[in-house]
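# Descriptive analysis of the structure
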Amino acid sequence: YFMMKLDQAKGVIRVTYHSCIKNDKGEICDVHGKKISCCEGNNNRPEPMATFEARTAKELTVMVFERWEHAKDLVSVGHAAYIGREAQKAEECLFAGRFYQQD
């Protein structure tokens, strides 16, 4: 999964890619089997497998989907479209100085 945030101080959109699996109990875990509870606010997230930073949505999506060697194996077309939409919203917030939260 991808996590997108703004770094207003650096003037960039930051995206991290985290890999996860579903165990036999149906729980979402990191690739080592440790349960992930990313939506509960306890910061129990695995370290990112990749981190990308860019000033614009276009720069970011080119980095992730055209230059990252693992994109074709890890990202579906639908997920790429979603990340593109989110990157556009993040760019708008970055340049307007507004808060951004990923949907």
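Residues numbered from 1 in each chain as written. Predicted model: local features only at pLDDT ≥ 70, side-chain atom pairs only at ≥ 80, totals over all residues. Heavy atoms only, no water.

### Section: the packing of helix α1 (residues 57–67) against helix α3 (residues 77–96)
- Relative orientation of the contacting elements α1 and α3 amounts to 150°, with a least axis distance of 9 Å. Between α1 and α3, the interaxial angle falls into the category roughly antiparallel. As α1 packs across α3, the resulting crossing turns out to be right-handed. Contact with α1, carried on its side by A57, K58, L60, T61 and F65, involves A80, I83, G84, A87, Q88 and E91 of α3 and no other residues of that element.
- Of the residues that constitute the contact of α1 with α3, the class distribution is six nonpolar, three polar and two charged. (Axes fitted to C-alpha atoms, helices over the stretch in contact; angles between N-to-C directions. Helix = DSSP H or I, 4+ residues; strand = E, 2+ residues; numbered from the N terminus. Parallel < 35°, antiparallel > 145°, perpendicular 65-115°, else oblique. Left-handed = near helix turned anticlockwise from the far one by under 90°. Contact = heavy atoms within 4.5 Å. Nonpolar A, V, L, I, M, F, W, Y, C, P; charged D, E, K, R; others polar.)

### Section: α1
- Of the positions making up α1, those classed as buried are A57, L60, T61, V62 and V64.
- Looking at the packing, one finds that the buried side of α1 touches β1 (2–7), β2 (12–17), β5 (50–54), α2 (71–74) and α3. (Buried < 20%, exposed > 50% of the residue type's maximum accessible area, 1.4 Å probe, protein only.)

### A look at the sheet that holds β2
- Read from one edge to the other, the open sheet built from three strands follows the order β1-β2-β5, with strand pairing classed as antiparallel. In this open sheet, the two edge strands, each paired with only one partner strand, are β1 and β5. Sheet twist, expressed as the mean angle between neighbouring strand axes with direction ignored, is 20°.
- Two strands pair when backbone bridges link them, and β1 and β2 are joined in this way by six bridges, in the antiparallel orientation. When the sheet's bridge partners are listed, K5 is paired in β2 with R14.
- The strands touched by α1 are β1, β2 and β5; relative to β5, the strand with the most contacts, the crossing angle is about 150°.
- Along the sheet, α3 contacts β1 and β2; its crossing angle with β1, the most-contacted strand, is approximately 10°. (Pairing = 2+ DSSP bridges.)

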